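# Examining the three-dimensional arrangement
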Amino acid sequence: MKRIFTLLIFFGSISVVSETSEQYIHRSEFFFCNYNEGKNYNDLLAEQAPYEDFLKEYDLQYNRINLTPIWDNEQEYDYVMWGNWPTGQDQYTEWGAYMNDYPEWAEKNGVPSQVAGKCKSTSSMRFHSVLRLRIPMEERDERIFTDWRTCKLTDDADISELKALYAKQEKLAKDFGLNGWGVSFFTPYRGIQDDPGWDLIMMTHWYNAESRVNMISSYRDYTDLLRESGIYEERSKHIDSCSGANTYQGHMVYNTHK
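Residues numbered from 1 in each chain as written. Predicted model: local features only at pLDDT ≥ 70, side-chain atom pairs only at ≥ 80, totals over all residues. Heavy atoms only, no water.

## A short note on the nonpolar core
Condition: Definition of nonpolar core: a set of buried residues of the types Ala, Val, Leu, Ile, Met, Phe, Trp, Tyr and Cys, connected through side-chain atoms within 4.5 Å. Remark: exposure states derive from per-residue accessible area (1.4 Å probe, protein chains only) relative to the maximum for the residue type, with buried under 20%, exposed over 50%, and partly exposed in between. Elements are defined by DSSP. Helices are runs of H or I of four residues or more, strands are runs of E of two residues or more, and each kind is numbered from the N terminus. The criterion used for residue contact is that any of the two residues' heavy atoms lie within 4.5 Å.
Among the nonpolar cores identified, the biggest contains 23 residues, and Tyr166, Trp181, Val183, Phe185, Met202 and Ile239 are the most heavily contacted of them. Among the elements of the structure, strand 4 (117–133), strand 5 (143–153), helix 5 (159–176), strand 6 (181–190), strand 7 (200–206) and helix 7 (219–229) are those that each provide at least two residues to this core. The element contributing the most residues to this core is helix 5, with five residues. If sequence neighbours within four positions are ignored, Trp181 has contacts with Leu131, Arg132, Leu133, Gln169, Ala173, Thr204, His205, Trp206, Tyr207, Met215 and Tyr222.

## Focus: the packing of aromatic side chains
This is how it is decided: What counts as a ring pair is set by centres within 6.5 Å for rings of Phe, Tyr and Trp (its six-membered ring), and what kind of pair is set by the plane angle: stacked under 30 degrees, edge-to-face over 60, tilted for all other angles.
Applying the stated criterion across every chain yields a total of 26 aromatic pairs. Their ring planes at 25° and their centres at 5.8 Å tell us that Tyr102 and Trp105 sit as a pair that is stacked. Of this pair, Tyr102 and Trp105 are both found in helix 4 (residues 102–108), three residues apart, which corresponds to roughly one turn of the helix. With respect to burial, Tyr102 and Trp105 carry one shared label: buried.

## Let's talk about the pattern of salt bridges
Basically, it comes down to this: Whenever Lys or Arg places a side-chain nitrogen within 4 Å of a carboxyl oxygen from Asp or Glu, that contact is recorded as a salt bridge.
Inspection of the entire model under this criterion finds six salt bridges. Put simply, Lys56 and Glu52 hold a salt bridge, and the shortest N to O gap is 3.3 Å. Pair noted here: Lys56 and Glu52 are both in helix 2 (residues 41–57), with a separation of four residues, about one helical turn. In this structure Lys56 comes out as exposed when scored by relative accessible area, which is 54%. The exposure class assigned to Glu52 is partly exposed, which follows from its relative accessible area of 22%. Here Lys258 and Asp59 are joined by a salt bridge, their closest N and O atoms 3.0 Å apart. Linking Lys258 in the segment after strand 9 (246–255) with Asp59 in the loop between helix 2 and strand 2 (63–71), this pair joins segments that are 199 residues apart in sequence. By relative accessible area, Lys258 is classed as exposed at 72%.

## Observations concerning the environment of Leu133
With respect to the helices and strands, the residue Leu133 is situated in strand 4. Residues Leu133 and Glu104 lie 29 residues apart in sequence; the distance between their C-alpha atoms is 42 Å. Discounting chain neighbours no more than four positions away, the residues touching Leu133 are Glu170, Ala173, Lys174, Leu178, Asn179, Gly180, Trp181 and Tyr207.

Now the structure itself:
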C-alpha cells in the first residue's frame, strides 16, 4: 500500500510534452453488476435514461459509460457501470445531489425502481489520461473497443517519468500516422479495502473500429519503432508486469460534462 500512496503523490504533478495532448486527472467510479433474471441490456438502458434529465436539471457534471465483456478471461460480471466527473468537487456535488435530491425528484417524475441488475461492489478511482490521439466526433463509433489490464510497478517507479514516456509515445504514434486511440491509468481512491494485488489499471481505447484495425495491421512496424526509440526499455524501469487484456465494449449513455 505504501507504493500506492507514493503513486498518488506522483500523479498530482502533470507532465506535458509539447505537441501532445494534455495529461489530465478526472475522477471515476465503477459498479460491478449482474443482470437479474429475465433482464438484459435494453432494460439497463431504459433504467439509466431518466438520470440524464436529473443531471441537466440540477446542472451536474457527470457521464456514464457501460462496459460489457467482449473477450474477458473471467466473466465474473455481466456489465460494469463506469461514471466520470471532471474534478473531485464535481464528484461530491453530484453524489450529494444523488443522496439528497434524487429520491424526491425520482418519485415526483415517476421513475421506477432499479430492477435491471444487482451490483455487488463499487469503487472510486483517479482517472489519469496519459495518451490521446483523437479523431473528429463524427468519425467516432457509438460503441467502442476498450482493453483493460492490471499492472504492478517496480520498486523504483517514477510516475512522472512514466507519464512523460507516454507523451513521447503519443508523438511517435502521431508521426507514424496511428490515430484514433488513447491510454489511461486508474489508481484507487475509495472502496478498495484490501491490497488488490496491482498498483494501477491500464486502459487502452479506440475511438472507432477502423482505428483498432489500423493498429493491428501496423502492429509489427509500430512495435519496432517503439523498441528503436527506447520507450519499451524505459517503460520496463517503471512497470514490472501487466496482466493480459480483457476487452470490453464501451458505450457512453449520457454526458453532461461542460
